[in-house]
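Examination of the molecular architecture
Next come the chains, spelled out residue by residue.
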Amino acid sequence: MDLLKPCLLPEPGESLISWLHRFGHLHFGLSLDNFLRFIGLRQQDLNLGRREICDRLSPICGMPADELASKSFQHVSDRLYRYNGEVFFKEFLLRSQVTFCPACLLSDISGRPGGMPIGIGRSKWAFSAIRTCEHHGVALYRKPRQSGVGLELNVWAHTPDHKALEELWRNSIKRKPSALQEYVTARFAGATGPSWLDAQQIDLACKATEMLGVCVEYGPHASLPELTDDDWDRAGQVGFEFTSNGDAGIRQALEYLYTKPQKGAVKCGPQGTFGRLYQWVQFRKSDKPVGPILDTLSEFILDHYPIKPGAVLFGRVVEKRRRHTVASLATSMGVHPKTVANILSQSGMLPKDVYQADSRRTVEAEPAEELIAKLKRAIPVAKIPERIGCTRPQVALLLEKGFLRTVVEDGENRTARYKGVDVDDLDQLIVEMRRFGDEIRVPSKGMNDIGHVAKALNVSSMEVLSLVLQGQLEHVELLSEKLKFNSVLVSVQEVAYKLGARTGEGGMTVSATSKALGVSAETVEFLLIAEEGKGQTPLNVSGRVRHMGVMRNLIDRDSVTRFKERYRKLSSIEGYWGGDPNRLRTNLQARGVFPVWNPADANAEFYRIADI
């Protein structure tokens, strides 16, 4: 067939079928069906937007085939269509309804006085997410088709008469296009929008937005068949507020639904909380995808509900449990629910008394299971000395300094069970203590267990234990493991130096020196500073040792020996009689022998042995 004139150009946004209907009426006065039969084309091929149809129409109408194809919904596969570069499932197109704006059709007719009294069908009216006329600010009119199956885009074939159109226009609901509709319109025009929505098919983005909006606006258990087009428009507006913010926005909506009060135990699960949204994702009758909202909803459920391993969630097998309720934790660990609730509250994993207020509250599975396992293994503090072979005071210090921790640490006076210590922690402490050192049968000289070394140096046994655990001691000996806490031996001298409890060389304490010389401690201190000749002192300091928190002098043993060889107290000289000490003193003075130091200063009376 040759080119038909005059050439009738499509209106902006007009569908291919609407234009062909007007084209056939203009040139032959035929309806669309008759015109298609006249030129040898099938309605079904036209509805499917097959390329050969556009190639055959191009020489007849004088328009490029590509431009004609751009105005059709192109069939991609059994279930997919393409329009303006966007691919979507066929359900995105209204196949059982006729949609139009009465005001637009009236405007089309009145704008062509003396011309064709035919309204123009807009392509976007066929999409389920388009519910409002952006030009007239009214809801689009939708009505079920009275006959036929498949895609119906010839709007005028189902449009009422002029008077009925005016009546529909007067009764139309006034509203603005929703944010979701504006997004769809912009996306078909090639614009970019929120990345989460743009990353998926346009129909999947719309469906997820509307289902989320329905649950938020009308409740998760709203009856979908009873929702009006106005309700769905509102759902799209509400849902877009969340989906336009991506994963974070969707989780915000899910959190809102999750925190709403639930009635009855049956509705405490994810289906009870998320209702239609959950059912839409979980109970699909086909393999049609739902888009990335599946991942977001799945992650949220796993992060908030006690889904056990092996369960199937949205077609995927759950490999690892993330959350526990009190009930699920009690069942899996074999512990009474009240015990579980109490310890979770006391440990801070659950707010106090929240279990009675909301049994849905969950805790992170792994630390909760570990806590209950600790509780089951715990022994009372009173039995720790027997378990690891230490003293009760040492146990108290181990707990105070944090070397051991009770199952629950909240500072309150709990029962022995909650204040017990995990036996694994006790055994591990002994393992760590024995990590450094050499196993021996007979201890070396100067080696002793931690408690005795601490007592000898008058320091805390925890200070010594810290040196052992940190590997700071070179000399560590290990006796039989059966001795446990007391199986680790350390050097008194090395510990003293490490703790700053002893400096310099070893020696005798002032107390020991006073006993050896038979004098008071004050006399020993005097002998450390008294002059002996040539700048020397009778006794020498060899080091210092910490005692009662104070560093005190250590006396050189050789100087003590020399002192005994050179000096003697009056009471130790032969001929001394306690009843009359002046008689011996007078005899010595008569021989020219006098005390080495003023007895009043020394608090003792010493003579040189060489002078006696």
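Here the structure is shown first, and the text comes after it.
The structure contained in this document is the topic of the report that follows.

Overview of the overall build of the protein chain
Each helix and strand counted, the protein chain has 29 helices and 23 strands in total. On C-alpha atoms alone, the protein chain measures out to a radius of gyration of 49 Å, which is more than a quarter above the 25 Å that the 2.2 N^0.38 rule sets for 612 residues. Considered along the principal axes of its C-alpha atoms, the protein chain spans approximately 165 × 55 × 45 Å. When each of the 612 residues of the protein chain is scored for burial, the buried share is 45%.

Concerning the nonpolar core
Counting 68 residues, the largest nonpolar core has Phe88, Phe127, Phe274, Leu277 and Ile301 as its most contacted members. Here this core takes nine residues from helix α10 (residues 202-218), the largest share from any one element. Setting aside anything within four residues of it in sequence, one finds Ile301 in contact with Pro270, Phe274, Tyr278, Ile307, Leu313 and Phe314. If you look at the next biggest cluster of nonpolar residues, it comprises 33 residues, including Ile379, Leu404, Val421 and Val453.

Topic: the sheet that holds strand β3 (residues 86-89)
Judged by pairing direction, the sheet is antiparallel, and its three strands sit side by side in the order β1-β2-β3 without closing on themselves. Of all strands in the sheet, those bounded by a partner on one side alone are β1 (74-75) and β3. Pairing of β1 with strand β2 (residues 80-83), which is carried by two bridges, proceeds in the antiparallel orientation. Looking at the pairing, Gln74 lines up with Arg82 of β2.

Things to note about the pattern of salt bridges
With the rule as written, the count across this model stands at 31 salt bridges. One salt bridge connects Arg51 with Asp66, and the closest N-O pair in it is separated by 2.6 Å. With Arg51 in helix α4 (residues 51-61) and Asp66 in helix α5 (residues 65-70), the pair connects residues that are 15 residues apart, well separated along the chain. Its relative accessible area of 39% is what places Arg51 among the partly exposed residues. Taking the shortest distance from any N to any O, the salt bridge between Arg122 and Asp108 comes out at 2.7 Å.

Some points on the pairing of strand β17 (residues 488-491)
In β17, alternate side chains face the same way, and those of Val488 and Val490 on one face and Leu489 and Ser491 on the other are all buried. Looking at chain direction, strand β15 (residues 447-449) and β17 are connected through three bridges and run antiparallel. Bridge pairing in β17 places Met447 opposite Ser491. Pairing analysis gives three bridges linking strand β16 (residues 476-478) to β17, with the strands arranged antiparallel. The residue bridging Glu477 from the neighbouring strand is Leu489, located in β17.

Here we look at unusual backbone geometry
The omega angle of the peptide bond from Lys5 to Pro6 is 5°, so this bond is cis rather than trans. Relative to the elements of secondary structure, Pro6 occurs in the segment before α1 (16-28). Even without being glycine, Phe314 reaches a positive phi, approximately 55°. Within the secondary structure, Phe314 sits in the loop between β8 (312-313) and β9 (316-317). Assessed through its relative accessible area of 3%, Phe314 is described here as buried.

Some thoughts on the packing of helix α13 (residues 270-282) against helix α14 (residues 293-304)
One way to put it is that α13 packs onto α14 with a least axis distance of 11 Å and a crossing angle of 160°. Classed by the angle they form, the pair α13 and α14 counts as roughly antiparallel. α13 and α14 meet at a crossing whose hand is left-handed. In this structure, α13 contributes Pro270, Phe274, Leu277, Tyr278, Trp280 and Val281 to the contact, and α14 contributes Ile293, Leu294, Leu297, Phe300 and Ile301. Class assignment of the residues belonging to the contact of α13 with α14 gives a composition of eleven nonpolar, no polar and no charged.

Quick look at the packing of aromatic side chains
Applying the stated criterion across every chain, the model contains 27 aromatic pairs. Here Phe73 and Tyr83 contribute two aromatic rings whose centre-to-centre distance is 5.1 Å and whose plane-to-plane angle is 50°, an arrangement assigned as tilted. Of the two residues, Phe73 is situated in the loop between α5 and β1 and Tyr83 in strand β2; the sequence distance between them amounts to ten residues. Classification of Tyr83 as buried rests on a relative accessible area of 9%. Linked through ring pairs, Phe73, Tyr83, Phe88, Phe92, Phe127 and Phe188 together constitute an aromatic cluster. One residue, Lys174, lies across the ring of Trp169, its end atom 5.6 Å from the ring centre.

Focus: the side chain of Lys71
Mapped onto the elements of the fold, Lys71 is located in the loop between α5 and β1. Buried Lys71, no salt bridge; nearest opposite-charge side chain is Glu67, N-O distance 5.4 Å. Beyond its immediate chain neighbours, meaning those up to four positions away, Lys71 contacts Pro10, Glu11, Glu14, Ser15, Leu16, Tyr83 and Ser123.

Digging into the environment of Lys569
By the secondary structure assignment, Lys569 is in strand β22 (residues 567-569). Measuring from C-alpha to C-alpha, the distance between Lys569 and Ile609 comes to 9.5 Å, with 40 residues separating the pair along the chain. Ignoring sequence-local partners within four residues, the contact set of Lys569 consists of Leu517, Gly518, Val519, Glu605 and Phe606.

Criteria and thresholds
- Residues numbered from 1 in each chain as written.
- Predicted model: local features only at pLDDT ≥ 70, side-chain atom pairs only at ≥ 80, totals over all residues.
- Heavy atoms only, no water.
- Helix = DSSP H or I, 4+ residues; strand = E, 2+ residues; numbered from the N terminus.
- Rg over C-alpha atoms; globule rule 2.2 N^0.38 Å.
- Buried < 20%, exposed > 50% of the residue type's maximum accessible area, 1.4 Å probe, protein only.
- Core = buried A, V, L, I, M, F, W, Y, C linked by side-chain atoms within 4.5 Å.
- Contact = heavy atoms within 4.5 Å.
- Pairing = 2+ DSSP bridges.
- Salt bridge = Lys/Arg side-chain N within 4 Å of Asp/Glu carboxyl O.
- Axes fitted to C-alpha atoms, helices over the stretch in contact; angles between N-to-C directions.
- Parallel < 35°, antiparallel > 145°, perpendicular 65-115°, else oblique.
- Left-handed = near helix turned anticlockwise from the far one by under 90°.
- Nonpolar A, V, L, I, M, F, W, Y, C, P; charged D, E, K, R; others polar.
- Phe/Tyr/Trp six-rings, centres within 6.5 Å; stacked < 30°, edge-to-face > 60°.
- Lys NZ or Arg CZ within 6 Å of the ring centre and 35° of its normal.
- Lys, Arg positive; Asp, Glu negative; His and termini not counted.

The quantities given are spatial measurements derived from coordinates; they are silent on function.
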